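Survey of secondary and tertiary structure
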Amino acid sequence: MGGERGRRRVLGAAAFAGAGLVLPPGAARAADPAGTGGPAPEAPRVLPDDPRYGHLVSRGANRFRGTPDEVRPVESTAQVVRCVQEAVRRGRRIAVRSGGHCFEDFVDHPRVRTLIDMSRMRAVGYDPALHAFAVEPGATLEEVYRLLHLGWGVTVPGGYCPDVGIGGHVSGGGYGPLCRLYGLVSDHLYAVETVVVDRAGRARSVLATREPGDPRRELWWAHTGGGGGTFGVATRYWFRSPGTSRATPPERLLPVPPATVLTFRAEWDPRELDRDAFVRLADNHGRWAERNSAPGSPAAALYAEFSLNRTTGGGGPFLFGQVTADGPEAERVLREHLDALAEGTARPASVTSRRLPWLTATLRGSGENAVGDWRLKVKSGYLRSRFTGRQLAAVHHHLTRTDTDAYGSLTLNTYGGQVNAVAPDATASAQRDSVLKLVYLAGWHTPAQDAAHLDWIRAFYRDVYADTGGVPAPGGNSDGAFVNYPDTDLADLSLNTSGVDWQTLYHGVNAPRLRRVKARWDPLGVFRHPLSVPAE
């Protein structure tokens, strides 16, 4: 992967982030009803001299590589309980990997000695016991979409990148092309099974649901946006949309996607975009998002990712996405969006569109999902309203700088719609009034390029948010950052001078409540990483 094609692949990958079966009643707990590890066979123990080790420690899509003493590829909740219990007894730091798309060293931290790999736990199916769809955390989005849709005609509104694991995607909130119509993935979470460790050091599995009378409900709530790797090891999720009941047939328990979608891509010639034309183009996109992101808006059928790229990379801005409306209505929505972007500035040099079956389009994503061996640094932000003129000037400056050869981009993803119909404290995903979600990306190939790219993206981010201490502090047009695009710089007081701590940037008003959940369910701090929720 190289050249412009490779650069676009890494942009696509960063912008997005087993067999089907019907589970018998109580299947989640049948093998080990007490959650003690019981008679389950021990998970394989993959050591550094094992031929499998190299693959298992290099599945992360980031610039880090861990060196754990052992990797444990588990295939059941009972095996997870045994692995966690052994690690606690031996004083080993634990990390968990499902899909491997974490952008920081949470899994690959040098102090991690036992890595629990969830990639063998990938079952997807309907569980009559809970009248919900059960999904194991090692399943990729591709597997989840395919099996739910082909089996029952339903889906969850997750991300574009098909090889992201559902495990971390859900716990961080999870969004994608259907979120403006159906909300976040975590908005449809009904229950979660988690391996936790109590104050006595005893590992066990617990089931928490969203039912108001469930004494474990707060643990369910924490998994709806509190971030992965904090409260325990999630071993199974159950999905059932709010408003459904046991009388609802399985084919209506989750959103029913459209039969077809209109996919599109528009590209601009960078030679037609001087500073004023660029600023107007980006501002137009923000204006459109402000006007068309209320819950129930007809334009919620359109989801777009607008990628503004470093001009030294050779490519201009491009817009891609999909419209879920039928026939001529989809064409009209897309045309009106492109007309709004072009008002008073350059029109796209090319526009291509194609109507595809929904599942076909979803499994294609942007068509550019591979990250290969790219080294990445990602930052994020939410916009309640469009960038100010000063901020857009900073964006243009850092994307056109000639004093560095760093490669990177800023992508502005349409947001809001049904996401904003949910109260900030109803789930752990607190940002519920934004119209755009932002992804800042630097991508490079070799360690020798680390400093230049990290310097560039940090200066870019700091200058965009210069009025709020170098970070998207809540208030004004910003509302913090997205926990599934983790950025340890937010915890660095030399880079975050806002006076707003990183927990508030990620979790907003929900940060104190998440700390209380942490204190109850992980009192010993067994599950931790640089941005894990601390105990209160």
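First things first, this report covers the structure right here in the doc. In this text, all values refer to a predicted model and were calculated from it rather than measured experimentally.

1. Notes on the sheet that holds strand S13 (residues 350–357)
Spatial strand order, S13-S10-S12-S11-S15-S16-S14: seven strands in an open sheet with antiparallel pairing. On the outer flanks of this sheet lie S13 and strand S14 (375–383), each paired with one strand and no other. Put simply, the sheet's adjacent strands are angled 15° from each other on average, direction ignored. Here six bridges tie strand S10 (residues 260–267) to strand S12 (residues 318–323), and the two strands are oriented antiparallel to one another. Residue pairing for S12: Thr263 is matched across the bridge by Gln322.

2. A look at the pattern of salt bridges
What the rule picks out here adds up to 42 salt bridges. With a closest N to O distance of 3.0 Å, Glu75 and Arg120 form a salt bridge. Taken together, the positions of Glu75 in the loop between strand S2 (70–73) and helix H4 (77–90) and Arg120 in the loop between strand S4 (114–117) and strand S5 (124–127) put the pair 45 residues apart, joining distant regions of the chain. For Glu75, a relative accessible area of 41% translates into the label partly exposed. Via salt bridges that share partners, Glu42, Arg45, Glu70, Arg72, Glu86 and Arg90 belong to a single interconnected network.

3. Re helix H12 (residues 389–400)
Between its first and last C-alpha atoms H12 spans 17 Å; for 12 residues at 1.5 Å apiece the expected length is 16 Å, and the two agree. Those residues of H12 that are buried are in contact with helix H9 (275–291), strand S11 (302–309), strand S15 (408–414) and helix H13 (450–464).

4. As for the environment of Ser205
Mapped onto the secondary structure, Ser205 falls in strand S8 (residues 203–209). With relative accessibility at 19%, the residue Ser205 sits in the buried group. Along the backbone, Ser205 and Gly125 are 80 residues apart, and their C-alpha atoms lie at a distance of 20 Å.

5. Regarding unusual backbone geometry
Excluding glycine, residues mostly carry a negative phi; peptide bonds, for their part, are mostly trans. Here His131, not a glycine, exhibits a phi torsion of approximately 50°, which is positive. Here His131 shows up in the loop between S5 and strand S6 (132–135). A relative accessible area of 6% places His131 in the buried class.

6. A closer look at the side chain of Thr194
Relative to the assigned elements, Thr194 resides in strand S7 (residues 189–197). Apart from the residues within four sequence positions on either side, Thr194 is in contact with Arg204, Ser205, Val206, Leu219, His223, Gly232, Val233, Ala234 and Thr235.

7. Structural notes on the packing of aromatic side chains
Within the structure shown, the criterion is met by 21 aromatic pairs. These aromatic residues form a ring-pair network of at least three members: Phe103, Tyr175, Tyr382, Tyr415, Phe482 and Tyr485. Over the aromatic face of Tyr175 sits the side chain of Lys437, whose NZ or CZ is 4.0 Å from the ring centroid. The positively charged end of Arg513 is found above the aromatic ring belonging to Trp221, 3.8 Å away from the centroid.

8. What to know about the packing of H12 against H13
The contact between H12 and H13 brings their axes to 8 Å, and the two run at 165°. Between H12 and H13, the angle falls in the class roughly antiparallel. For the pair H12 and H13, the crossing hand works out as right-handed. The residues of H13 that touch H12, namely those facing Arg390, Gln391, Ala394, Val395, His398 and Leu399, are Trp456, Ala459, Phe460, Asp463 and Val464. In the contact of H12 with H13, the residues fall into seven nonpolar, two polar and two charged.

So, how was this worked out
What you see as residue numbers is a count from 1 along each chain, following the sequence as written. In view of the model being predicted, local features appear only for residues whose pLDDT reaches at least 70, and side-chain atom pairs are presented and counted only at 80 or more, with totals across whole chains, interfaces and linings using the full set of residues. Heavy atoms from the whole structure form the basis of all side-chain values; hydrogens and water molecules are not counted. Here the rule is simple: two strands pair whenever DSSP picks up at least two bridges between them. Secondary structure elements follow DSSP: runs of H or I no shorter than four residues count as helices, runs of E no shorter than two count as strands, and numbering proceeds from the N terminus. As a rule, the C-alpha atoms of each element are fitted with a line to give its axis, helices using only the stretch in contact, and angles between N-to-C directions run from 0 to 180 degrees. Whenever a carboxyl oxygen of Asp or Glu lies within 4 Å of a side-chain nitrogen of Lys or Arg, that contact is scored as a salt bridge. We call a residue buried when its accessible area falls under 20% of the maximum for its residue type, exposed when it is over 50%, and partly exposed in between, using a 1.4 Å probe and counting protein chains only. One fewer than the residue count of a helix, multiplied by 1.5 Å, yields its expected span. Only heavy atoms matter for contacts: two residues are in contact if any of them lie within 4.5 Å across the pair. Between rings of Phe, Tyr and Trp, where Trp is taken as its six-membered ring, a pair exists when centres lie within 6.5 Å; planes separated by under 30 degrees are stacked, by over 60 edge-to-face, and by other angles tilted. Counted as over-ring charges are cases with an Arg CZ or a Lys NZ within 6 Å of the ring centre that also lie within 35 degrees of the ring normal. Here is the rule for angles: anything less than 35 degrees is roughly parallel, anything more than 145 is roughly antiparallel, 65 through 115 is roughly perpendicular, and the remaining ranges are oblique. Crossing handedness is read from the near helix: turned anticlockwise from the far helix by less than a right angle, it gives a left-handed crossing, and turned clockwise, a right-handed one. Three classes are used, and their members are as follows: Ala, Val, Leu, Ile, Met, Phe, Trp, Tyr, Cys and Pro are nonpolar, Asp, Glu, Lys and Arg are charged, and the others, Gly among them, are polar.

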